[in-house]
Every structure is written in C-alpha cells, then in structure tokens.
Amino acid sequence: MSTENIITRAIIERFSRKLTDNLQLDVALVGGGPSALVAAAELACRGYKVAIFEKSLAPGGGVWGGGMLFNEVVVQDNALAILDDFKIRHYPVPAGEGYHTVDAVEMAAGLIFGALQAGATVFNAIAVEDIVFQDGRVRGLVINWQSVRKLGMPVDPLTVIARAVVDATGHPCEIIRTATAKAQVRLATETGAVMGERPMWVDNGEQDTVASTAEYYPGLYACGMSATNVTGGYRMGPIFGGMLLSGRKLAELIDRNLRGS
Ligand code: 48F
C-alpha cells in the first residue's frame, strides 16, 4: 500500500471507530467552552462516557481572546483549585483582593488537554442542530458538520443518544432554546421559558452562573453562560471562576442523577 493510502486509511478508520464508540453516551455536552471542559474532565474521571461536540475548529470558547483580545483572563481564589488540577498557572493580581490572572491561551489549551487526558472525547467542527426528544425526555443530539450548515447544504444530520444532554453553548443557550421552540417544553425556571441575560454586574453574574447550573428539563442540563441566560442572570465578562465552578457543579449534579437512575 502506498504511504498516501496508509495515512488516509488510518485517519478514516480511527475516526470512524471514535465516532461509533460515542454514539451511545452517558453525557453529551454541546459546546467546548470552559464550563463544559471542566465538567467533561470531572465526569470522565468518575468513569462516565463523555463527549463534547464543538462547532468551531478549536474548543475553548470564549477563553482564547481574554478581555477584548488582550489574552489574559481573571480567576478568583475560590476556583484556583480547579486550575491547579489542570496544572494551569496563575498569578496574583498585585492589588490583592483574591484575584489572579491566567494566560488565556494556557487556560484554553490546559482545559482541552485535561479533558482529553481524563478520557473525554472532543468532536470539533461538528455542530448540534437539534435534539432527540422522546416520551417527555431529551434523549440525544442531532449533529452535522458546521461547514455543511454554513454553506446551507441540504444534507441530513446524524444522531447521538445520551443519558444526559448539556447545553454549554454560552450566551445563545441554543439547545435549551431549541427544546422550548421545537418540543415546547416548560423549563424549570420562574417563567417556564428562557429568561434572557441581564447586563454586566460581575459579582452577581459569577454567583448566578453557579446557582443556575441545573437540570432544566428531564435529560437536559445547562452550565456556564448558557445557564446564566436561562435564568436571567447578570453577565460578568472576562472573569472565569464562575465558569470553572459551574463545570464542577454540573459534574456533581449529573453524577448524582445518573447514579440514582
Ligand atoms: O461561550 P463559551 O466559552 O462557554 P461557557 O463555558 O463560557 C463562557 C465564557 O467563555 C465567556 C464569559 C465568561 O465570563 O462570559 O463567554 O459558558 O463556549 C461555548 C461554545 O459552544 C460552542 C461555541 O462555538 C463555543 O465554543 N457552540 C455554540 N453553539 C453550538 C456550539 C452548537 N450548536 N453546536 C456545537 N457547539
């Protein structure tokens, strides 16, 4: 066989195996931002079969660009243990107050590497365009290449089944919105619907993100900025402690629920 064929066959066979191995998951996360990457690593460490579907070429979501493309982010004292678990370095802000800076590229790369090393699988360039909804429960994802969607090609998607589906799509909370629009589900929020994000208020936003990390409909969870959006929390900008803690809370919640089911 030619070298060209060996390389091509290796990639096709390995990727096909990776995809077929992940058609039936414990946890399917939509979006590979910081909250999802922390949750994926924790859940994989606890022995669950976990995959992230990320529409961009690079997972990491809003981490890479720091604040206004200055590629540094801020993390509070109470989330440093998570950075330490991922071996991501942090530096105290000279003025104190319990804030630390982290190189945004190191944080994105470190979280991605940590999730993979823990045993989670990441599918990049794949978008989630719909949910599998059966018998009053969210049961999986409908996936397609992001490039197919961008070009508007009339190509049917494929599906993945999961015991828990997580909307980690950030500000748009796309999957929860799909569930309310297409399956007309009533969410576990004050209004039963997506309440929408409020303007910037850093301290409250950070608390809202963690407090809002929850199961909003049987089988359907939200974490990170998506959760903040669902409950009408405040935005917080380039401070990431809440995202990391949201990922950890989500992992604990799903672990508890799946063990009980
Ligand atoms: O927004 P994002 O980074 O998620 P997060 O964990 O973190 C939010 C922060 O980055 C930042 C912030 C912090 O203070 O406010 O915004 O909530 O990442 C969301 C990821 O989801 C992907 C998107 O490309 C991004 O990488 N995504 C969105 N919709 C889809 C998707 C979709 N339909 N299918 C697959 N991936």
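The notes below deal with the structure included here. (Residues numbered from 1 in each chain as written. Predicted model: local features only at pLDDT ≥ 70, side-chain atom pairs only at ≥ 80, totals over all residues. Heavy atoms only, no water.)

Attention now moves to the side chain of Asn144. Along the chain, Asn144 falls in strand S8 (residues 137-145). Its relative accessible area of 7% is what places Asn144 among the buried residues. Residues within four places of Asn144 in sequence aside, it is in contact with Ala125, Ile126, Ala127, Glu129, Arg149, Val155, Asp156 and Pro157. (Helix = DSSP H or I, 4+ residues; strand = E, 2+ residues; numbered from the N terminus. Buried < 20%, exposed > 50% of the residue type's maximum accessible area, 1.4 Å probe, protein only. Contact = heavy atoms within 4.5 Å.)

Moving on, we get to the site of the ligand. What surrounds the ligand is a group of 27 residues, the closest being Ser35, Glu54, Gly62, Met225 and Gly237. Between the ligand and the protein, one listed contact pairs a nitrogen atom with a side-chain N or O atom of Glu174 at 2.9 Å. One nitrogen or oxygen atom from the main chain of Met225 is found 2.8 Å from an oxygen atom belonging to the ligand. Contact with the protein chains removes 92% of the 730 Å² of surface that the ligand exposes when unbound. Of all the secondary structure elements, the ones that give two or more residues to the shell around the ligand are helix H2 (34-45), strand S2 (50-54), strand S7 (126-134) and helix H8 (224-231). Ranked by residues supplied to the shell around the ligand, first place goes to S7 with 3 residues. (Near = heavy atom within 4 Å. Polar contact = N/O pair within 3.5 Å; in protein donor to acceptor, adjacent residues only side chain to side chain. Areas by Shrake-Rupley, 256 points an atom, 1.4 Å probe, with all protein chains shown as cover.)

With that settled, the discussion passes to the packing of aromatic side chains. The full count for this structure, using the stated rule, is 5 aromatic pairs. Seen from their ring centres, Phe15 and Phe123 are 6.1 Å apart, and the 85° between their planes marks the pair as edge-to-face. In this pair, Phe15 is assigned in helix H1 (residues 3-21) and Phe123 in strand S6 (residues 121-124), connecting sequence segments 108 residues apart. Accessibility expressed as a relative area gives 28% for Phe15, which makes it partly exposed. Connected via pairs of aromatic rings, a cluster forms that spans Phe15, Phe53, Phe123 and Trp145. (Phe/Tyr/Trp six-rings, centres within 6.5 Å; stacked < 30°, edge-to-face > 60°.)

What follows is about the pattern of salt bridges. Evaluated as defined, the whole model comprises 11 salt bridges. Counted as one network, the salt bridges with shared partners bring together Glu42, Arg46, Asp85, Arg248, Asp255 and Arg259. (Salt bridge = Lys/Arg side-chain N within 4 Å of Asp/Glu carboxyl O.)

Looking at the secondary structure, you find His100 in strand S5 (residues 99-103). The buried category is assigned to His100, whose relative accessible area is 9%. Within polar-contact distance, the side chain of His100 engages the side chain of Asp77 at 2.6 Å.

As a further point, take the pairing of strand S1 (residues 24-30). Of all 7 residues that make up S1, 6 are buried, and the element is covered over most of its length. The sheet contact formed by S1 and strand S9 (residues 158-167) spans 6 bridges and is parallel. Pairing of Leu29 across the sheet is with Val166, part of S9. Taken together, the 4 bridges between S1 and S2 define a ladder with parallel strand orientation. Across the sheet, residue Leu29 finds its bridge partner in S2, namely Ile52. On the question of chirality, the crossover connecting S1 to the parallel S2 by way of H2 is right-handed. (Pairing = 2+ DSSP bridges. Right-handed = clockwise from strand over helix to strand, strands pointing away.)

Turning to helix H4 (residues 104-118), a few remarks are in order. Given a rise of 1.5 Å per residue, 15 residues ought to cover 21 Å, and the 21 Å separating the end C-alpha atoms of H4 matches this to within 8%. When we look at burial in H4, the residues that qualify are Ala104, Glu106, Met107, Ala108, Gly110, Leu111, Ile112, Gly114 and Ala115. Next to the buried residues of H4 lie H2, strand S3 (72-76), helix H3 (80-85), S5 and helix H9 (241-260). With a side-chain oxygen lying 2.9 Å from the backbone nitrogen of Val105, the N-terminal cap of H4 falls on Asp103. Immediately downstream of H4, the backbone of Gly119 shows phi near 120°, a positive value. (Expected span 1.5 Å × (residues − 1).)

This part takes up the sheet that holds strand S4 (residues 91-92). Strand order in the open sheet made by the 3 strands is S3-S5-S4, with antiparallel pairing throughout. Since the sheet does not close on itself, it has two edges, and those belong to S3 and S4, each with one partner. Pairing geometry for S3 and S5, over 5 bridges, is antiparallel. Looking at S5, one finds that Val75 is bridged to His100.

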